[in-house]
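# Tertiary structure, described
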Amino acid sequence: MSEQGVTGPHARVGCRVTNGWTVVRADDEIDIAFAPLVRAEVGRRLAEGHRHFVLDLCGTPFLDSMGLGMIVGVTKRIRSHHGSLRIACSDRRLLHVFALGGLGTVYSFHDSVEQAVAQPPDGEGLAGWPPARA
């Protein structure tokens, strides 16, 4: 399937469907400027009926607290549609941001998109959501 998505002033959010997963690719820094583009793309896809997502952070060089908050927000929206979210990311710095935010054990992390979409969604939910408060 061809890739579609939204474009901002300097960045693009790509989207494609693979093996039942809607893969949302974010190749720019996920910060206060770029996070709304990712949120909008996920919202648009949810409105179209997509439920199971892979957030591709393999090309993402930076993720701040705004980006992390956006991911938590879209996770809640996906869950409200009885969907699931996997994250494709092997960058230790980005994974460390999730760990610092207390989300390192909440999400299903995969080293690549190919690994994340290898099995179809099969009604998968998000185990451990919402995260327990410390």
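Residues numbered from 1 in each chain as written. Predicted model: local features only at pLDDT ≥ 70, side-chain atom pairs only at ≥ 80, totals over all residues. Heavy atoms only, no water.

Bringing the pairing of strand β5 (residues 84–88) into the picture now. Among the 5 residues of β5, 5 are classified as buried, and the element is accordingly described as predominantly covered. Alternating residues of β5 divide into S84, R86 and A88 and L85 and I87, and every residue in both groups is buried. Of the pairings in the sheet, the one linking strand β4 (residues 52–56) to β5 comprises 5 bridges and is parallel in character. In the strand pairing of β5, F53 is matched with L85. Each parallel crossover has a hand, and the one from β4 via helix α2 (residues 65–80) to β5 is right-handed. Sheet topology note: the β5/strand β6 (residues 108–110) ladder contains 3 bridges and is parallel. Within the sheet, the bridge partner assigned to I87 lies in β6 and is F109. Handedness of the β5-helix α3 (residues 92–100)-β6 crossover: right-handed. (Buried < 20%, exposed > 50% of the residue type's maximum accessible area, 1.4 Å probe, protein only. Helix = DSSP H or I, 4+ residues; strand = E, 2+ residues; numbered from the N terminus. Pairing = 2+ DSSP bridges. Right-handed = clockwise from strand over helix to strand, strands pointing away.)

Taken as a whole, this structure holds 3 aromatic pairs when the rule is applied. Both rings, one in F98 and one in F109, keep their centres 5.0 Å apart while their planes meet at 75°; by these two values the pair is edge-to-face. Here the residue F98 occupies a position in helix α3, and F109 occupies one in strand β6, the gap between them amounting to 11 residues. Note on F98: relative accessible area 0%, which makes it buried. Looking at F109, the relative accessible area reads 24%, which means it is partly exposed. Through a chain of ring-to-ring contacts, three or more aromatic side chains come together here, namely F98, Y107 and F109. (Phe/Tyr/Trp six-rings, centres within 6.5 Å; stacked < 30°, edge-to-face > 60°.)

Relative to the helices and strands, Q115 is located in helix α4 (residues 113–116). For Q115, a relative accessible area of 40% gives the class partly exposed.

It is 9.4 Å that separates the C-alpha atoms of F98 and S65, two residues lying 33 residues apart in sequence. Ignoring anything within four residues of it in the chain, the contact list for F98 reads L57, L63, L68, I71, I87, L103, G104, Y107 and F109. (Contact = heavy atoms within 4.5 Å.)

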